[in-house]
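Spelled out from the first residue to the last, the chains are:
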Number of protein chains: 2
Amino acid sequence: MSSGVIGVFDSGFGGLTVLKALMAQLPEARFVFLGDTARLPYGSKSQRTIARYAAESAQFLVEQQGAEFLVIACNTASALALDAIKESVTVPVLGVIEPGAAGAAKSSTSRDVMVIATEATVASHAYAAACRARGLRGVEKACPLLVPLVEEGWIDHPVTEEVVRIYLKELLQEARQSGQNPDTLVLGCTHYPLLRVVFDRVLLQLTGPSGVQVIDSAEATAAMAAEQIGARTGHAPGSHLPGAGPRIQCFATDSVEKFERLGSRFLGLPVGRVQLVDLGG
Amino acid sequence: MSSGVIGVFDSGFGGLTVLKALMAQLPEARFVFLGDTARLPYGSKSQRTIARYAAESAQFLVEQQGAEFLVIACNTASALALDAIKESVTVPVLGVIEPGAAGAAKSSTSRDVMVIATEATVASHAYAAACRARGLRGVEKACPLLVPLVEEGWIDHPVTEEVVRIYLKELLQEARQSGQNPDTLVLGCTHYPLLRVVFDRVLLQLTGPSGVQVIDSAEATAAMAAEQIGARTGHAPGSHLPGAGPRIQCFATDSVEKFERLGSRFLGLPVGRVQLVDLGG
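Residues numbered from 1 in each chain as written. Chains lettered and ligands numbered in written order. Predicted model: local features only at pLDDT ≥ 70, side-chain atom pairs only at ≥ 80, totals over all residues. Heavy atoms only, no water.

Along the backbone of chain A there are 11 helices and 10 strands. Compactness check: chain A gives a C-alpha radius of gyration of 18 Å against a globular reference of 19 Å for 281 residues, within 12% of the reference. In terms of its C-alpha atoms, chain A occupies a principal-axis envelope of roughly 50 × 40 × 35 Å. Taken over 281 residues, chain A has a buried fraction of 58%. Accessible surface, chain A: about 10,900 Å² in total, of which carbon and sulfur atoms supply 50%. (Helix = DSSP H or I, 4+ residues; strand = E, 2+ residues; numbered from the N terminus. Rg over C-alpha atoms; globule rule 2.2 N^0.38 Å. Buried < 20%, exposed > 50% of the residue type's maximum accessible area, 1.4 Å probe, protein only. Areas by Shrake-Rupley, 256 points an atom, 1.4 Å probe, with all protein chains shown as cover.)

Within a pair of aromatic rings, the relevant descriptors are the distance that separates the centres and the angle that separates the planes. In total, this model carries 16 aromatic pairs over all chains according to the counting rule given. Centre to centre, the rings of A:Tyr192 and A:Phe199 are 6.1 Å apart; their planes meet at 55 degrees, and the pair counts as tilted. A:Phe199 matches A:Tyr192 in its accessibility class, with the two residues each being buried. Both rings, one in B:Tyr42 and one in B:Tyr53, keep their centres 5.8 Å apart while their planes meet at 50 degrees; by these two values the pair is tilted. Taken together, the residues B:Tyr42 in the loop between strand S2 (30–35) and helix H2 (47–64) and B:Tyr53 in helix H2 connect sequence positions 11 residues apart. Of the two residues, B:Tyr42 and B:Tyr53, both sit in the buried class. Grouping aromatic residues by their ring pairs yields a cluster made of A:Phe13, A:Phe33, A:Phe259 and A:Phe266. Across the ring face of A:Tyr53, the terminal group of A:Arg39 is positioned such that the distance to the ring centre comes to 4.0 Å. (Phe/Tyr/Trp six-rings, centres within 6.5 Å; stacked < 30°, edge-to-face > 60°. Lys NZ or Arg CZ within 6 Å of the ring centre and 35° of its normal.)

At an RMSD of 0.0 Å, chain B and chain A line up after a rotation of 180 degrees and a shift of 0.0 Å along the axis. With respect to symmetry, the two chain copies, as superposed, fit the operation of a two-fold axis. Closest approach to the rotation axis among the C-alpha atoms of chain B is made by B:Val159, whose C-alpha sits 3.3 Å away. A share of 100% of interface residues in chain B that are also interface residues in chain A marks the association as one of identical surfaces. (Least-squares fit on C-alpha atoms with pLDDT ≥ 70 in both. Contact = heavy atoms within 4.5 Å.)

Of the residues lining the interface, 20 residues belong to chain B; the matching set on chain A comes to 20 residues. Interface area, chain B with chain A, both sides summed: about 1,500 Å², of which 63% is carbon and sulfur. For the pair chain B and chain A, the number of links is 0 salt bridges. Applying the counting rule to chain B against chain A returns 2 residue pairs in polar contact (both at pLDDT 80 or more). Those elements that place two or more of their residues in the side of chain B that touches chain A are helix H7 (146–151) and helix H8 (158–177) of chain B. Looking at the side of chain B that touches chain A element by element, the count peaks at 5 residues for H8(B). (Buried area = accessible area lost by both parts, 1.4 Å probe. Salt bridge = Lys/Arg side-chain N within 4 Å of Asp/Glu carboxyl O. Polar contact = N/O pair within 3.5 Å; in protein donor to acceptor, adjacent residues only side chain to side chain.)

Residue and element names in this part refer to chain A. Pairing is parallel across the open sheet formed by 4 strands, whose spatial order is S6-S5-S7-S8. Every interior strand has two partners, whereas the edge strands, strand S6 (137–142) and strand S8 (213–216), have only one. Taken pair by pair, the neighbouring strands of this sheet meet at an average axis angle of 25 degrees, ignoring direction. Here 6 bridges tie strand S5 (residues 112–117) to S6, and the two strands are oriented parallel to one another. Bridge pairing in S6 places Ile116 opposite Lys141. Here helix H10 (residues 217–233) sits on the sheet in contact with strand S7 (184–187) and S8, set at roughly 60 degrees to S8. (Pairing = 2+ DSSP bridges. Axes fitted to C-alpha atoms, helices over the stretch in contact; angles between N-to-C directions.)

Now for the domain arrangement of chain A. Residues and elements named next belong to chain A. Looking at the assigned domains, one finds that chain A contains domain 1 (5–95 + 219–276) and domain 2 (98–217). In this complex, domain 1 contributes 22 residues to the contact, which on the side of domain 2 involves 22 residues. Interface of domain 1 and domain 2: buried area, both sides summed, is about 1,600 Å²; carbon and sulfur atoms make up 61% of it. Per-residue buried area on domain 1 facing domain 2 is highest for Asn75, Glu219 and Arg265; these three make up 32% of the total on that side. Here domain 1 and domain 2 share 1 salt bridge between them. One can count 8 residue pairs in polar contact (both at pLDDT 80 or more) joining domain 1 with domain 2. Elements that contribute at least two residues to the side of domain 1 that touches domain 2 include exactly helix H1 (16–25), helix H3 (75–88), strand S4 (93–95), H10 and helix H11 (257–267). (Domains from an automatic or database assignment.)

Residue and element names in this part refer to chain A. Structurally, Thr184 is set in strand S7. We classify Thr184 as buried; its relative accessible area is 0%. Here the side chain of Thr184 touches Ser107 through a polar contact of 3.0 Å, side chain to side chain. Discounting residues that sit within four places of it in the chain, Thr184 has contacts with Ala104, Ser107, Ser108, Asp112, Val113, Met114, Val212, Gln213 and Ile215.

Attention shifts here to the pairing of S5(A). Residues and elements named next belong to chain A. Within S5, 6 of the 6 residues are buried, which leaves it mostly tucked inside the rest of the structure. Here S5 shows two buried faces, one formed by Asp112, Met114 and Ile116 and the other by Val113, Val115 and Ala117. As defined by bridge partners, S5 adjoins S7 across 4 bridges and the pair is classed as parallel. Residue pairing for S7: Met114 is matched across the bridge by Leu185.

The next point concerns unusual backbone geometry. Residue and element names in this part refer to chain A. With an omega of -5 degrees, the peptide bond between Leu40 and Pro41 qualifies as cis. Along the chain, the position of Pro41 falls in the loop between strand S2 (30–35) and helix H2 (47–64). A positive phi is found at Arg111, a non-glycine position, where the angle reads about 70 degrees. Position of Arg111 relative to the elements: it lies in the loop between helix H4 (97–107) and S5. Note on Arg111: relative accessible area 29%, which makes it partly exposed.

The subject of this paragraph is the environment of B:Ser88. Residue and element names in this part refer to chain B. As for its placement among the helices and strands, Ser88 is situated in helix H3 (residues 75–88). C-alpha of Ser88 to C-alpha of Arg273: the two residues are 185 residues apart in sequence and 28 Å apart in space. Residues within four places of Ser88 in sequence aside, it is in contact with Ala55, Ala58, Gln59 and Glu63.

Written out as structure tokens, the structure is:
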């Protein structure tokens, strides 16, 4: 890893929560982030189209920006296009779904887990399959109101708490009706870490203090990326990556205004100037 | 108007509320509806791209489906692409914004109106300009949570009522702080008519029985379309349109599943089989 640049890709800017977690795990690494905002949402598009868009984005990060490790911080692309991305580049590629499921497997003692995500991610059943492969039983629920609530900035807000309560009550009920006793909740959408405090509070109300553990797939992905990079280089994660140049550089394929405005909320610090890039139609 | 077919275009299926209102106004007309679902949301795209998509869609309805009158049941396309659409076809074209503003001008005695819409429509300021052209003062507010709430099916739901109350309180406050005394609320999004009962109830609570009148731009557009068609043909609206063939035929450019599942809620009756059509990238 000569240049020590890690590429992070999302269809929008939600994946900045994954970048935030990566920056904490790899304090000396440099990052290039690409949000394919011109072509979102991926969730409503066909698998073939998503694979093409994601492969083009991955190639931009590797071939034009010198990324030597790729994190696919987009649940839809991770679910539907990870193989296509791996075929399109020569560097290691890590999606968000396997680390999320691995985190759940580590956390759960009942072996019953719950996954919340967007409609597209749930429809792919990628988390359910990854959980099953680890001997876990899982129930999944699409929570389509949570992304707009986060983007509206209603983070610690009574309406959001009520929506979370309704969704989690329904999900717990569904799990229990299937004879399951879930002790782990996987946040399967890059927007959801912003609502972490709300999830924790509502779960405490619904299931008590030893009830349900929350697995944030952004954090789980960052931890797994750090492990893999450490294993490849034989160095402690981050220590091999020189600090030359700016710490992060963000690119977007469409209007950068919303990215710059909302992005800092996801990243936890200013995203800086976002560069517009044209990847074609 | 030999074939008597009216084309209705939207980027998604929200415009089915306009089709519903048109069917009530023109009981003998036949309709072809196109939802450009593969390329939505239009709101995040550039004006040039929206104009190209909308013109292609309009040409499909006119040249391939024989539409002799076009209703653009999409606020974003009406705001940003109406001229481009008019140039691309030879039939009369009506958008949703002018009728909405005309309805507000008819309703308002204080000459102060409020408009709620999506972020993209508000950013275009098309309603504000159309209101100003009629001597009205207007305040606009983006209400980005309302479309997802409608699509989640939370129509007459306490969370939706609370969200509507928060938005309308903020909007009334903004209007009053600008020294305005609004007596009219324009629903500037095709999803909002489904929440009509919620708007009426919240406005009654906030402003009393003689407070604020709601103008549904879907209804206003249908009424204006009926007038224009009547004026063109010299017949009572609808009476010139033969009832041959199915009453409505819906087309979509992507996965028709969501369209068929949610569409009937917007149309108030089954949408029938939705045909997939490819308009290219």
